[in-house]
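Observations on the three-dimensional arrangement
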Amino acid sequence: MQRLRGSGTSIIDSIAVPRLKKKAVNSWTAVQDTFFSTKDIFERHRVVFTVGTSIASVATAWIGYSLRHYHDVQVDRRLESIEEVMRKKHQLEHSQLTEVVNPGNFSAPACIATAGTSLIVGYGLGWRGGRRYANRQFRREQMKLLGEMKPRWQLLTRVITNDGFILSMQRIPSGRTSSANGPPVLLQHGLLMDAVTWLMLPPESSLAFILADKGFDVWLANTRGTKFSQGHTSLGPDDPSFWDWSWDELVALDLPATLQYVHNHTGQKMHYVGHSLGTLIALAAFSKHQLLNMLRSAALISPIAHLGKITSPIAINAADNFLGEVLFWLGVKEFDPRGKAAVQLLVDVCAKPGVDCINLLTSFTGQNCCLNPSVTQIFLTHEPQPTATRNMIHLAQMIRSGTIAMYDYVDVIENMKHYGQPTPPEYNMTSIPNDFPLFLSYGGADALSDVNDVQLLLNSLKDHDGDKLVVQFREDYAHADFVMGENAKQVVYDPLMAFLKLQ
């Protein structure tokens, strides 16, 4: 994250320039909103525009020819009077006069040809042209800042957690062209990601749009610290206290606030879909029997619970050699993947024997089978996102210990102050209610959600009701394939959709 540094610029300039820039951005956003809203209306009502354009074209042609015929009648009358005068003076024949001044007769074939052409042009512009234009532009719309008002999603009142964080949530109303009011679904992204997780694939393949087009009321969450949720009632991102949290706070504060918000606005229980860290915070909450009264079911994609068996070289070495504890106490509480400290950590890890960082994504997530280069480029453009250094420390503790426990302050006194015991309490996965519907999907090539760790989770769920637990395994899938794989719709989302419809 870039920070303000002394450069000889006056305080007034440092304040005025951002304000002017903000006004310019807001003005441009308003222009874009008007454009995209108009285009969306055109796309959603293209049948009406097609028929309307065709009728208008035919009507225009008919009116034009009618006016021309009327004009011809008037001209003929004038010609008759002129002809009479000319005949008397110059003895000219009627045919000669007509040849000189006749503007042309009304032609039925010409009218039919024009009407046909108008229909074709109207069809091309009203349906095919509009559809092609919308599809061409939709991809760009899709990756716009989610904080802006766009045709298929809307920014709602931000959610405020009990500790003051302001979280942006976006909503994609059910049905692209219908007003169906289906059950709500909350999509929760993973570590170092944001809601763009669910929008990186083409519209017909992105889970968020698939759900909306199937009649679900889709809500997108953005975890604290990500670029759309860097607001706070009293703190700013430059304040170290802003980053003093781990995923424990996501379990206790963020997740309840977002679920309660959706529940209050829809009046319905919802489905929950999480990826990676989004599964961990849900499982931790379920293990304490929290939030279940607001949920119909939960789908856990690349589930994270145990982390002691991960095979990701970068994650293992980062956990073993992570300087996060030192950085945290020195005041570097924001972990920015694009920042100097994180980049240096990555350089150090990649220099270790056995760590191949030529393909960075593969080294971190495992050998993904089904990523399209264009989607990877979109990922690199919008991700990764910042998180708290303490959050990274907490995950490193899980990797080193193999347990699912709350954040360890290491110091006994601090642990006693926070937990009333010398060691942090553990989240007990066996206490998840056996009758709560769960869908788990994991991959054999996943280096973060390793099959051995997932098996430990499944062992904890061995007493789960048989008709309430669906487990899907894909041998060739790695961590990123589940949200970026070009065949994810067929492989993961279609079975997931079938599960949700049964709940």
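The rules behind each value
- Residues numbered from 1 in each chain as written.
- Predicted model: local features only at pLDDT ≥ 70, side-chain atom pairs only at ≥ 80, totals over all residues.
- Heavy atoms only, no water.
- Disulfide = S-S within 2.5 Å.
- Buried < 20%, exposed > 50% of the residue type's maximum accessible area, 1.4 Å probe, protein only.
- Pairing = 2+ DSSP bridges.
- Helix = DSSP H or I, 4+ residues; strand = E, 2+ residues; numbered from the N terminus.
- Salt bridge = Lys/Arg side-chain N within 4 Å of Asp/Glu carboxyl O.
- Expected span 1.5 Å × (residues − 1).
- Phe/Tyr/Trp six-rings, centres within 6.5 Å; stacked < 30°, edge-to-face > 60°.
- Lys NZ or Arg CZ within 6 Å of the ring centre and 35° of its normal.

The chain is annotated in an unreviewed UniProt entry as Triacylglycerol lipase 2-like of Momordica charantia.

This part covers the state of the cysteines. Following the criterion strictly, the structure yields one disulfide and no others. For Cys 369, the disulfide goes to Cys 370, at an S-S distance of 2.3 Å. Of note, the bridge from Cys 369 to Cys 370 carries an S-S torsion of about -90° and is left-handed in sense. Cys 369 sits in the partly exposed class, given a relative accessible area of 35%.

Our focus in this paragraph is the sheet that holds strand β7 (residues 231–232). In space, the three strands of this open sheet follow the order β2-β3-β7, with antiparallel pairing throughout. Unpaired on one side and paired on the other, β2 (159–160) and β7 mark the two borders of the sheet. Pairing geometry for strand β3 (residues 165–167) and β7, over two bridges, is antiparallel. Among the inter-strand pairings, Ile 166 is bridged to a residue of β7, identified as Gly 231.

Turning our attention to the pattern of salt bridges. Tallied over the entire structure, the rule returns eight salt bridges. For Asp 217, the salt bridge identified is with Arg 171, shortest N-O distance 2.6 Å. Linking Asp 217 in strand β6 (residues 217–221) with Arg 171 in strand β4 (residues 169–172), this pair joins segments that are 46 residues apart in sequence. This pair shows no difference in class: Asp 217 is buried, exactly as Arg 171 is. With a shortest N-O distance of 3.3 Å, Lys 417 and Glu 414 are connected by a salt bridge. Highlighted residues: Lys 417 and Glu 414, both in helix α14 (residues 412–419), separated by three residues, approximately one helical turn. One salt-bridge network, in which partners are shared between bridges, spans Asp 163, Arg 224 and Asp 254.

Okay, the environment of Ala 445 next. In this structure, Ala 445 sits in the loop between β12 (438–443) and α15 (451–460). The sequence separation of Ala 445 and Thr 365 amounts to 80 residues, and the corresponding C-alpha distance is 8.6 Å.

Turning our eyes to something else, we now look at helix α13 (residues 389–401). Its 13 residues place the ends of α13 18 Å apart at the C-alpha level, agreeing with the 18 Å of an ideal helix rising 1.5 Å per residue. In terms of residue burial, α13 counts as a mostly covered element, since eleven of its 13 residues are buried. Of the residues one or two after α13, Gly 402 is the one with positive phi, at around 80°.

So, on to the packing of aromatic side chains. One pass over the structure, following the stated rule, counts ten aromatic pairs. When the ring of Phe 165 is compared with that of Phe 242, the centres are 4.9 Å apart and the planes differ by 55°; the resulting orientation is tilted. With Phe 165 in strand β3 and Phe 242 in the loop between β7 and α6 (247–266), this pair connects stretches of sequence that are 77 residues apart. Accessibility classification places Phe 165 together with Phe 242 in one group, the buried group. Geometrically, the ring pair formed by Phe 439 and Phe 499 is tilted, given 5.5 Å between the ring centres and 45° between the ring planes. Separated by 60 residues along the polypeptide, Phe 439 in strand β12 and Phe 499 in helix α17 (residues 488–502) bring together distant segments of the chain. Above the plane of the ring of Trp 245 lies Arg 224, whose end atom (NZ or CZ) is 5.7 Å from the centre. Between the NZ or CZ atom of Arg 390 and the centre of the ring of Tyr 407, over which it lies, the distance is 4.8 Å.

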